[in-house]
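Report on the structure
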Amino acid sequence: MAKQYRVAVCGATGAVGNQMIQCLEERDFPIGELRLLASERSRGKTLAYKGSQVPVQVLDENGFKGIDVALFSAGGSTSEKYAPVAAASGAVVVDNSSAWRMDPAVPLVVPEVNPHHIAQYKNKGIIANPNCSTIQMVVVLKPIHDLARIERVVVSTYQAVSGTGQKAIVELQEQMRAWAAGQPLVNKVYPHQIAFNLIPHIDVFRDNGYTKEEMKMVLETQKIMDDPTIKVSATCVRVPVVYGHSEALNIATAKKITPDQVRATLAKAPGVKVVDDPASKLYPMPLDAAGQDLTLAGRIREDISQERGIDMWISADNIRKGAATNAVQIAEVLIRDYL
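Conventions adopted
- Residues numbered from 1 in each chain as written.
- Predicted model: local features only at pLDDT ≥ 70, side-chain atom pairs only at ≥ 80, totals over all residues.
- Heavy atoms only, no water.
- Helix = DSSP H or I, 4+ residues; strand = E, 2+ residues; numbered from the N terminus.
- Rg over C-alpha atoms; globule rule 2.2 N^0.38 Å.
- Buried < 20%, exposed > 50% of the residue type's maximum accessible area, 1.4 Å probe, protein only.
- Contact = heavy atoms within 4.5 Å.
- Areas by Shrake-Rupley, 256 points an atom, 1.4 Å probe, with all protein chains shown as cover.
- Lys, Arg positive; Asp, Glu negative; His and termini not counted.
- Charge placed at Lys NZ, Arg CZ, Asp CG, Glu CD.
- Axes fitted to C-alpha atoms, helices over the stretch in contact; angles between N-to-C directions.
- Parallel < 35°, antiparallel > 145°, perpendicular 65-115°, else oblique.
- Left-handed = near helix turned anticlockwise from the far one by under 90°.
- Nonpolar A, V, L, I, M, F, W, Y, C, P; charged D, E, K, R; others polar.
- Salt bridge = Lys/Arg side-chain N within 4 Å of Asp/Glu carboxyl O.
- 1 Å grid on protein atoms, 1.4 Å probe; cavity = no way out; pocket = protein on both sides within 12 Å on 5 of 7 lines; lining within 4 Å.
- Points joined across faces, edges and corners; volume = space filled by probe spheres on them.
- Pairing = 2+ DSSP bridges.

1. Observations regarding the overall build of the protein
Scanning the protein for helices and strands turns up 8 helices and 13 strands. Its C-alpha atoms give the protein a radius of gyration of 20 Å, within 12% of the compact-globule value 20 Å for 339 residues. The principal-axis extents of the C-alpha atoms in the protein amount to approximately 60 × 55 × 45 Å. Residue burial in the protein is summarised as follows: out of 339 residues, 53% are buried. Long-range contacts, defined here as pairs at least 24 residues apart, represent 66% of the contacts in the protein between residues at least 6 apart. A total of about 15000 Å² of accessible surface is found on the protein, and carbon and sulfur atoms cover 51% of it. Both charge centroids of the protein, one from 37 positive and one from 36 negative side chains, sit 2 Å from each other.

2. As for the environment of Gln173
Within the secondary structure, Gln173 is located in helix 4 (residues 166-180). Under the relative-accessibility criterion, Gln173 is labelled partly exposed at 34%. In sequence terms Gln173 and Pro240 are 67 residues apart; their C-alpha atoms lie 9.5 Å from each other.

3. Some thoughts on unusual backbone geometry
When glycine is set aside, most residues are seen to have a negative phi, and most peptide bonds are trans. Positive phi outside glycine occurs at Lys50, with the angle close to 50°. When you line up the elements, Lys50 lands in the loop between strand 3 (46-49) and strand 4 (52-58). The residue Arg149 is not glycine, and still its phi comes out positive at about 50°. Examined against the element boundaries, Arg149 turns out to sit in the loop between helix 3 (132-148) and strand 8 (150-159). By relative accessible area, which is 40% here, Arg149 ends up partly exposed.

4. Here's the deal with the packing of helix 3 against helix 6 (residues 259-267)
It is the contact of helix 3 with helix 6, at a shortest axis distance of 10 Å, that shows an interaxial angle of 120°. Judged by the inter-axis angle, helix 3 sits oblique to helix 6. By crossing handedness, the relation of helix 3 to helix 6 is classed as right-handed. Of the residues in helix 6, those in contact with Val140, Pro143, Ile144 and Leu147 of helix 3 are Gln261, Val262, Thr265 and Leu266. Class assignment for the residues of the contact of helix 3 with helix 6 results in 6 nonpolar, 2 polar and no charged.

5. Notes on the pattern of salt bridges
Under the counting rule described, the total for this entry stands at 19 salt bridges. Lys142 is the partner of Asp146 in a salt bridge, and the nearest nitrogen-oxygen pair spans 2.9 Å. Here Asp146 and its partner Lys142 are both found in helix 3, 4 residues apart, which amounts to about one turn of the helix. Of the residues examined, Asp146 reaches a relative accessible area of 55% and is grouped as exposed. Taken together, the shared-partner salt bridges in this structure form one network comprising Glu26, Asp293 and Arg320.

6. What to know about the layout of surface pockets
A probe matching the size of a water molecule, rolled over the atoms, marks out where space remains unfilled. The calculated volume of the largest pocket comes to roughly 1300 Å³. Taken together, 48 residues line the largest pocket, and the ones lying closest to its centre are Ser73, Gly75, Gly163, Thr164 and Gly165. The set of elements that each furnish at least two residues to the lining of the largest pocket consists of helix 1 (15-26), strand 2 (31-38), helix 2 (76-88), helix 4, helix 5 (212-224) and helix 8 (320-337). Grouping the constituent residues of the lining of the largest pocket by class yields 16 nonpolar, 24 polar and 8 charged.

7. Some points on the sheet that holds strand 7 (residues 126-128)
Strand order across the open sheet formed by 7 strands is 3-4-2-1-5-6-7, with mixed pairing between neighbours. Single-partner strands in this sheet number two, and they are strand 3 and strand 7. On average, adjacent strands in this sheet sit at an angle of 25° to one another, irrespective of strand direction. Pairing of strand 6 (residues 92-95) with strand 7 involves 3 bridges; the strand directions are parallel. In the sheet register, Val94 faces strand 7, and the bridge partner there is Ile127. Most of the contacts of helix 2 go to strand 5 (residues 69-72), to which it runs at about 175°, and overall it touches strand 1 (5-10), strand 5, strand 6 and strand 7.

The structure is reproduced here in structure tokens:
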């Protein structure tokens, strides 16, 4: 019988935690015991896994005893407190928050891009899951970087409200209903109305005029790609879409490549699906990306403003590949190659 593992999901009742459980089931992860952990608010709840209802336990210092792999999606402060506790208990933590991403001792991993970095988990017993927008971007950038070395990326994101959480989804839905009924639109989650609007403000603004979200894309890309020379400039925008982030990428390469070369390269790349037939009105859209684990790439064309430039448009499910699926994929490589 194949080896089975004791797995904990910390933050199990949240949107990403729920999706982690679903991904574990879909991908038939070899689980001997599934332990679901959440805050006191979730006491008494149960969640479905493989036809059974698994009780949710309240997260505490003893929650990780005997656990092999702990998937965390409970926010930065919880990860800062409990990830070292889980690691000290013998678990390997895969953390979805931003708490550990830029720690030089903690690997930041997208399995299609840098699976070899997972070996560094032994430093602290923690592996970091990147930002959702960064994940889908580097899945597309890595094969292009291998082909022609990327010098610079300018990215504009179009990020779904589910990236903020369940309350943001509800806020968008309530605003849409209020608008249809001719009632006032109320915003509590976002600083402005999100229905029928775009908000170029995700996370807090930094002294350099960029937001924290934008700087995550800069720094995380360089760390994942193992190349601090790649220049990145990001503008991150919240849009009234429920699931699926999209990004407009402008890529400058050291060597000139054609759109056909890019299409052929991405067609063979793991985790990418080329959807690029404008004549048939086929291009990536968040509605099509939602519910799957691939990053859709299209609108691939030469940048007519520079000699060695490629423009493209990508979409991916931010809750799946942008969070839960990537974490489970990391765990799959971990148990296959290291545990």
